[in-house]
Structures are given as C-alpha cells and as structure tokens.
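Analysis of the macromolecular model
This is what each chain is made of:
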Amino acid sequence: MEKGIQLIFDGILEGDSDVVSENVSTLLEAGVEPKKILDEGLIAAMEKVGQLFESGDFFVPEMLIAARAMKAGLELLKPRLMEAEVESKGKVVIGTVKGDLHDIGKNLVAVMLEGAGFDIVDLGVDIDADQFVEAVKAGGVDVLAMSALLTTTMPGMEATIAALETAGLRDDVKVIIGGAPVTQKFADEIGADGFASDAGLAVTVTKSLLQ
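So, here's what we can say about the structure.

Calculation rules
Here the residue index of a chain counts from 1 through its sequence in written order. Local features in this predicted model are restricted to residues of pLDDT 70 or higher, and side-chain atom pairs are both shown and tallied only at a pLDDT of 80 or more, whereas totals for entire chains, interfaces and linings draw on every residue. The side-chain quantities take in all heavy atoms of the structure and omit both hydrogens and water. Here, a salt bridge means any side-chain nitrogen of Lys or Arg that lies within 4 Å of a carboxyl oxygen of Asp or Glu. Elements are defined by DSSP. Helices are runs of H or I of four residues or more, strands are runs of E of two residues or more, and each kind is numbered from the N terminus. Only protein chains enter the accessibility calculation, which uses a 1.4 Å probe. A residue is then buried if its area is under 20% of the maximum for its type, exposed if over 50%, and partly exposed in between. Strands are labelled as partners when DSSP assigns at least two bridges between them.

1. As for the pattern of salt bridges
Going through the model one piece at a time under the given rule, you end up with 11 salt bridges. A salt bridge links Lys137 to Glu134; the nearest nitrogen and oxygen atoms lie 3.5 Å apart. Separated by three residues within a single helix, Lys137 and Glu134 lie in helix α6 (residues 129-137), roughly one turn from each other. Owing to a relative accessible area of 49%, Lys137 belongs among the partly exposed residues under this scheme. Of the residues examined, Glu134 reaches a relative accessible area of 47% and is grouped as partly exposed. Each of the salt bridges in this network shares a partner with another, and the network as a whole consists of Glu2, Lys36 and Glu40.

Structure (structure tokens):
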C-alpha cells in the first residue's frame, strides 16, 4: 500500500479527519485514481473498523469517530468518482420507523454502508410506511433498511413491508432491519430479507443480499 493511502487508512482508524482530507487531496492532485483511493483507503479502512467492532476492540464511539473521518475523505472523492463514473455497489434507502426518534445506530449503518461504496438516501427518523414506500417508488432502490430502538415502534417495520406489498413493490427491493430490540426471529416473522445486530454486520448482510 502506497504511503498516502496507508496514511488515509490509519487516519480513519484513528479518527483523524484532517489527516484523511489532506492525504485524499494530495493523492488526487498527484493523479492517483479516485477509485484506488476509495477502495484501498476508505473502504478497506471501514472494513477494518467493522472487524475491530466485531472483535470487541472498537465500540460505538470509536466507530462514529472513524466514520466521521471516512466521510471527510469521501466528500472530497465524490465529485471525482462521479466524473470517473465509478459504479455504485447499490442504492440503499434508510430510516428509523414511525414513533422512534433514535438515530445513532441508523446513522452508523448509513455511514458504514456509504464507506462500503453504496449510495445512501437517509430519510431520517419517525418515518411512516408511506414515506418508505414513496422513497422506493422514486426508483433505483436496491435495499430498504429500517431501524427501531423501541419495542413499541417495531410494528412499523411489518407495516412498511405490508405497504410495499400493497404497492406492488415488494419484489423490487430487499428489506433489512435492525436495532436493539430487533431479532432474527422477528425479521423472519415479518418477512424481512435480512437482519443485522450492528453496523458492521449490516454491511455484510446488505452485500450478501445483492449478490
């Protein structure tokens, strides 16, 4: 791994946005391919962050800081990636269900997915079934990701899947759910395609659903 990319990789793990931004800019000016910086610097680092989280060496605060540093680099890369027409891994619509205002987990999943090369449409919190359906109707959506942190709001996930079926869109999109009270059993019961217990796993599950 060349020095600049290694510095980006290390900068993300250390949560140093300035180091990441500086080295992304330097490499772009030096004519390094944007996709190379994305794949070997940003995506590789976020994969490592996911592994460190899974092994218990990183916790949510470290993940959030690393994600913020990755995002700083991604903002600089995005215009160049669009110019180079680097293909997205897929489009993900994400939101926290109706009645639930928790967003830390949802934000973390969104950033991890973005760091893995997906296009993200973040609807925010307190999103009802119709809003999710409208976002899918807009077209080009591969995955719908829903989060809930309260057991009382979990039925909103089932309602959204039912609304997708009513709208004739259920077969067009994969549905993944997560959040503290959500389980694989619940995902199976409501007919979701995937379940993830944390942000790192959300990336793995999303990739597997689109293979």
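2. A word on the pairing of strand β3 (residues 143-147)
Counting buried positions over the five residues of β3 gives five, a clear majority of the element. Because side chains alternate across β3, one face comprises the buried residues Val143, Ala145 and Ser147, and the other comprises Leu144 and Met146, equally buried. Of the strand pairs in this sheet, strand β1 (residues 91-97) and β3 are connected by five bridges, and their pairing is parallel. Residue pairing across strands places Ile94 opposite Ala145, the latter belonging to β3. Pairing of β3 with strand β4 (residues 174-178) involves five bridges; the strand directions are parallel. When the sheet's bridge partners are listed, Met146 is paired in β4 with Ile177.

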